[in-house]
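Each chain is listed here by its residues.
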Amino acid sequence: MSDIKILVAMHKEAGVLKNPLLLPIQVGSALAERRLPDMLHDDEGIHISGKNKSYCEMTAQYWAWKNLRADYYGFFHYRRYMSFASVYPAGRKGNPKAGCCRPYQEADSLDGCRSKYALEECRMRSVIERYDVITVLGERMDVTVYEQFCQFHKKEDLDRAVAILKRHHPRQRKACDDYMNSKSIYFCNMYIMRREYFESYMQWLFPVLEEFEAGDFAGCSGSEMRIAGYLAERLFGVYYTWLKHEGQAKCAELQYVIFHRNIRQFRIGKKGLTIKIDMRKVNRILPAGSCRRRLVRRMMR
């Protein structure tokens with residue numbers, strides 16, 4: 001059998017589905033006040049654990065690259081797993097059969113999810129071993145990948161990262177432009193790759209992030225500190241787009257599941273009543289990636 005290792009990034013104690021393919025790892029261990037028990041830690045061996053505030057879950061991916069030996073490498077989050085219930089093979093033009101599929105589902109907890117989302121070891125192996133690269137379904141937006149990033153982060157950061165990418169990897173210029181102008185975004189930094197593709201991706205990605213990091217971070221705070229992780233999320237989409245353009249890798253996409261209670265508070269007017277809304281119900285009415293959701297977004301602008 002193939003040696004499949006899927007790391008589940010953790011920064012606090014939380015449940016992990018009992019499955020021999022899933023290995024919890026504490027990210028940012030070098031910065032943590034307490035080491036979480038019964039799991040891997042990203043500050044052992046060769047590591048960049050101390051950069052977790054900027055690199056986020058990428059410190060686990062770097063650790064796996066430098067310290068772990070496997071046939072397949074995968075990465076989930078403690079609140080986000082891929083669902084193996086349905087598989088959408090991807091070609092040069094994406095996934096036509098997944099056009100109306102929601103990119104993610106929501107659940108209260110891991111309880112009872114094993115069969116619902118086909119997270120049994122046998123099923124996961126049968127899917128993983130058929131492909132070279134598996135990632136989450138792209139989420140259709142009403143803006144481009146480039147525009148969506150600029151809505152929440154500094155445009156200058158993405159421009160600089162793209163310039164570094166194109167200088168390091170001139171063969172990926174077209175894939176980069178195609179993805180940045182696409183309206184289908186690959187979120188989460190979640191994927192499963194055969195060893196040769198994973199190693200190639202790590203060798204492709206980290207020099208770009210390291211050169212970006214060498215720039216001026218003075219004055220960064222809050223979410224800006226996590227910029228390397230946000231950029232890696234977009235750069236993965238570029239790499240994945242390039243793989244599909246090349247047509248050599250067998251690729252597939254899966255829904256993912258978010259385990260949380262998504263209750264948000266909204267204030268009506270500046271001093272008005274505060275109401276609580278279960279966003280999972282909203283998401284069922286306006287599914288992610290749906291035309292209805294994009295229409296509502298346009299109307300709210």
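Notes on the structure in this doc start here. All of these numbers come straight from a predicted model, not from anything done at the bench.

For the structure on display, the rule yields 17 salt bridges. For the salt bridge of Asp71 with Arg195, the shortest nitrogen-to-oxygen distance reads 3.0 Å. Within this pair, whereas Asp71 is found in the loop between α2 (58–67) and β4 (72–77), its partner Arg195 is found in helix α8 (residues 195–213), the two being separated by 124 residues in sequence. Residues joined in a network through salt bridges with shared partners are Arg35, Asp43 and Glu44.

Next up on the list: the side chain of Arg234. Within the element layout of this structure, Arg234 appears in helix α9 (residues 227–246). Here Arg234 falls in the buried class, since its relative accessible area comes to 3%. At a separation of 2.6 Å, a polar atom in the side chain of Arg234 contacts the side chain of Gln148. The residues contacting Arg234, other than those within four sequence positions of it, are Val145, Gln148, Phe149, His153, Tyr179, Met180 and Phe187.

A complete count under the given rule lists one cavity of 30 Å³ or more for this structure. Considering only enclosed or pocket space, the largest cavity measures out at about 40 Å³ in volume. As for the largest cavity, its lining consists of Leu7, Ala9, Glu57, Ala60, Gln61, Phe75, Phe76, His77 and Asn189. Counting residues per element, the ones that place at least two in the lining of the largest cavity are β1 (4–10), α2 and β4.

Before going further, it helps to spend a moment on the pairing of strand β13 (residues 256–259). Every regular strand shows the same layout, with side chains that alternate between the two sheet faces. Going residue by residue along β13, you find Tyr256 and Ile258 tucked away on one face and Val257 and Phe259 tucked away on the opposite face as well. Bridging between strand β5 (residues 80–82) and β13 involves three bridges; their strand directions are antiparallel. Along β13, the bridge assignment pairs Met82 with Tyr256.

Taking 1.5 Å per residue, 20 residues should reach 28 Å; α9 reaches 29 Å between its end C-alpha atoms and fits that length. Looking one or two places after α9, you find Gly247, whose phi comes out positive at around 75°.

Turning to helix α6 (residues 155–168), a few remarks are in order. Over its 14 residues, α6 runs 20 Å from end to end, which matches the ideal 20 Å to within 8%, given 1.5 Å per residue. Along α6, the positions that sit buried rather than exposed are Asp157, Leu158, Ala161, Val162, Ile164, Leu165 and Lys166. Tucked into the core, α6 has its buried residues touching α5 (145–152), α7 (173–180), α8 and α9.

For Asn52, the position within the fold is in helix α1 (residues 52–55). Within the structure, Asn52 has its side chain in polar contact with the side chain of Thr59 (distance 3.2 Å). Setting aside its immediate chain neighbours within four residues, Asn52 contacts Val27, Gly28, Leu31, Glu57 and Thr59.

All right, on to the packing of α2 against α8 then. Describing two packed helices takes the angle between their axes plus the distance from one axis to the other. Two elements in contact, α2 and α8, have axes separated by 11 Å at closest approach and are oriented at 125°. Accordingly, the angle class assigned to the pair α2 and α8 is oblique. Here α2 runs over α8; the crossing is left-handed. Contacts from Met58, Gln61, Tyr62, Ala64 and Trp65 in α2 reach Phe198, Glu199, Tyr201, Met202, Gln203, Leu205 and Phe206 in α8.

How each quantity is defined
Residues numbered from 1 in each chain as written. Predicted model: local features only at pLDDT ≥ 70, side-chain atom pairs only at ≥ 80, totals over all residues. Heavy atoms only, no water. Salt bridge = Lys/Arg side-chain N within 4 Å of Asp/Glu carboxyl O. Helix = DSSP H or I, 4+ residues; strand = E, 2+ residues; numbered from the N terminus. Buried < 20%, exposed > 50% of the residue type's maximum accessible area, 1.4 Å probe, protein only. Polar contact = N/O pair within 3.5 Å; in protein donor to acceptor, adjacent residues only side chain to side chain. Contact = heavy atoms within 4.5 Å. 1 Å grid on protein atoms, 1.4 Å probe; cavity = no way out; pocket = protein on both sides within 12 Å on 5 of 7 lines; lining within 4 Å. Points joined across faces, edges and corners; volume = space filled by probe spheres on them. Pairing = 2+ DSSP bridges. Expected span 1.5 Å × (residues − 1). Axes fitted to C-alpha atoms, helices over the stretch in contact; angles between N-to-C directions. Parallel < 35°, antiparallel > 145°, perpendicular 65-115°, else oblique. Left-handed = near helix turned anticlockwise from the far one by under 90°.

Take it as geometry only, folks, not as evidence of what the structure does.
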